[in-house]
Amino acid sequence: MAQAKKIALYIVVVFVLYTIITSPKRSAELVGVGFEGVSNAAQSVGDFMTELVK
């Protein structure tokens with residue numbers, strides 16, 4: 001099982017590197033979208049906690 005996880009991780013890493021090398025502009029857009037999603041989620045949690053305290 002641990003061997004399968006290592007192989008899967010290597011495949012994911014190789015895929016990510018391949019994507020970055022072949023299409024850096026698109027990769028940058030995807031990273032930006034990912035960070036925007038995380039930021040929006042954090043903002044929503046903050047808003048929820050603020051309203052909870054009021």
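In case you missed it, the structure is sitting above this.
Remember, predicted model here, so these are calculated numbers, not experimental data.

## What about the overall build of the chain?
Turning to step 1, where the next piece is worked out: Within the chain, the regular secondary structure consists of 2 helices and 0 strands.
Turning to step 2, where the next piece is worked out: Taken against the 2.2 N^0.38 rule, which gives 10 Å for 54 residues, the C-alpha radius of gyration of the chain at 18 Å runs more than 25% over that of a compact globule.
Turning to step 3, where the next piece is worked out: Each of the three principal axes of the chain carries a C-alpha extent, and together these read 50 × 35 × 5 Å.
Turning to step 4, where the next piece is worked out: Counting over 54 residues, the chain shows a buried share of 2%.
Turning to step 5, where the next piece is worked out: When the accessible surface of the chain is summed, it comes to about 5,000 Å², and 73% of that surface belongs to carbon and sulfur atoms.
Turning to step 6, where the next piece is worked out: Of the charged side chains in the chain, 5 are positive and 4 negative; the average position of the first set lies 16 Å away from that of the second.

## Re a nonpolar patch on the surface
Turning to step 1, where the next piece is worked out: Residues Val45, Phe48, Met49, Leu52 and Val53 make up a contiguous nonpolar surface patch of about 540 Å² in total accessible area.
Turning to step 2, where the next piece is worked out: Judged by its relative accessible area of 73%, Val53 is exposed.

## Here's the deal with the pattern of salt bridges
Turning to step 1, where the next piece is worked out: By the definition in use, this model includes 2 salt bridges.
Turning to step 2, where the next piece is worked out: Across the pair Arg26 and Glu29 runs a salt bridge whose closest N-O atoms are separated by 3.5 Å. Of the two residues, Arg26 and Glu29 are both situated in helix α2 (residues 24-53); the distance of 3 residues between them amounts to about one turn of the helix.
Turning to step 3, where the next piece is worked out: Residue class for Arg26 comes out partly exposed when judged on its relative accessible area of 47%.

Definitions and cut-offs
Residues numbered from 1 in each chain as written. Predicted model: local features only at pLDDT ≥ 70, side-chain atom pairs only at ≥ 80, totals over all residues. Heavy atoms only, no water. Helix = DSSP H or I, 4+ residues; strand = E, 2+ residues; numbered from the N terminus. Rg over C-alpha atoms; globule rule 2.2 N^0.38 Å. Buried < 20%, exposed > 50% of the residue type's maximum accessible area, 1.4 Å probe, protein only. Areas by Shrake-Rupley, 256 points an atom, 1.4 Å probe, with all protein chains shown as cover. Lys, Arg positive; Asp, Glu negative; His and termini not counted. Charge placed at Lys NZ, Arg CZ, Asp CG, Glu CD. Patch = residues over 30% accessible without salt bridge, like charges linked within 9 Å, V, L, I, M, F, W, Y side chains within 5 Å. Salt bridge = Lys/Arg side-chain N within 4 Å of Asp/Glu carboxyl O.

Read these as geometric descriptors, not functional statements.
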